[in-house]
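Examining the three-dimensional arrangement
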Amino acid sequence: MAFDNLKQRMGGQDTVMPMEIAHNTLFTAKEKLELLNQLKADATVAAQEGRPIPVDSEDIDAAIAEVRQGVQDGVGADTVLRGDF
């Protein structure tokens, strides 16, 4: 099944939480970091424009750190798909 956007990939939720991205097995570590960095940039712009921010930048930083630690530990280089066990 092809996904059209991040919202659909995350199960249709309106707010994507950083740790949900960090723990999602459908993304590689590189994709997770790209998504988290984009989320951080979007949150920064929203804060500058005075719009409500659905996620805290500290949560995003913690998720980025967790993904990077996983890469150092050798986790998250590949996606896990059904049948890959």
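Read on for a plain summary of the structure. Sequence order as written defines residue numbering, which begins from 1 separately in each chain. Owing to the predicted nature of the model, reporting of local features is limited to residues with pLDDT of at least 70; listing and counting of side-chain atom pairs is limited to 80 or more, with chain, interface and lining totals taken over all residues. Derived side-chain values reflect all non-hydrogen atoms in the structure, with water molecules and hydrogen atoms excluded from consideration.

A word on the nonpolar core
Rules: What is meant by a nonpolar core is a set of buried Ala, Val, Leu, Ile, Met, Phe, Trp, Tyr and Cys residues, joined one to another through side-chain atoms within 4.5 Å. Relative accessible area decides the class of each residue, using a 1.4 Å probe on protein chains only: under 20% of the type maximum gives buried, over 50% gives exposed, and in between gives partly exposed. In this description a helix means any DSSP run of H or I spanning at least four residues, a strand means any run of E spanning at least two, and both kinds are numbered starting from the N terminus.
If you look at the biggest cluster of nonpolar residues, it comprises 13 residues, and the most contacted ones within it are Ile21, Leu36, Leu39, Ile60, Ile64 and Val67. Elements with a minimum of two residues in this core: α2 (18-23), α3 (29-49) and α4 (57-72). Considering every element that reaches this core, the biggest residue donor is α3, with five residues.

Looking at the side chain of asparagine 24
Stated precisely, the cut-off is as follows: Here a polar contact means two N or O atoms within 3.5 Å. Within protein one must be a hydrogen donor candidate and the other an acceptor candidate, and residues neighboring in sequence count only if both atoms are side-chain atoms.
In this structure, asparagine 24 sits in the loop between α2 and α3. Within polar-contact distance, the side chain of asparagine 24 engages the backbone nitrogen of leucine 26 at 2.7 Å.

Notes on the environment of alanine 29
In this structure, alanine 29 sits in helix α3. By relative accessible area, alanine 29 is classed as buried at 8%. Residues alanine 29 and arginine 68, spaced 39 residues apart in sequence, show a C-alpha to C-alpha distance of 7.8 Å.

Quick look at the packing of α3 against α4
When two helices pack together, their arrangement is captured by the angle between the axes and the distance separating the axes. Where we set the bar: Lines fitted to the C-alpha atoms define the axes, with helices restricted to the stretch that makes contact. Angles between their N-to-C directions range from 0 to 180 degrees. Roughly parallel means an angle under 35 degrees; roughly antiparallel means over 145; roughly perpendicular covers 65 to 115; every other angle is labelled oblique. Crossings are assigned a handedness: left-handed for a near helix turned anticlockwise from the far helix by less than a right angle, right-handed for a clockwise turn. Should any heavy atoms of two residues lie within 4.5 Å, those residues are counted as being in contact. For this scheme, ten residues count as nonpolar: Ala, Val, Leu, Ile, Met, Phe, Trp, Tyr, Cys and Pro. Four count as charged, namely Asp, Glu, Lys and Arg, and the remainder, Gly too, count as polar.
Packing of α3 against α4 brings their axes to within 10 Å, and their N-to-C directions diverge by 165°. Between α3 and α4, the angle falls in the class roughly antiparallel. The two elements α3 and α4 meet at a crossing, and its hand is left-handed. Here Ala29, Lys32, Leu33, Leu36, Asn37, Leu39, Lys40 and Ala43 of α3 lie close against α4, whose contacting residues are Ile60, Asp61, Ala63, Ile64, Val67, Arg68 and Val71. Looking at side-chain class alone, the contact of α3 with α4 contains ten nonpolar, one polar and four charged residues.

What to know about the pattern of salt bridges
Rule in force here: Salt bridge, as used here, is a side-chain nitrogen of Lys or Arg placed within 4 Å of a carboxyl oxygen of Asp or Glu.
In the structure shown here, the tally under the stated rule is two salt bridges. Its salt-bridge partner being aspartate 61, residue lysine 40 comes within 2.5 Å of it at the nearest N-O pair. Of this pair, lysine 40 sits in helix α3 while aspartate 61 sits in helix α4, and the two are 21 residues apart along the sequence. A relative accessible area of 29% places lysine 40 in the partly exposed class.

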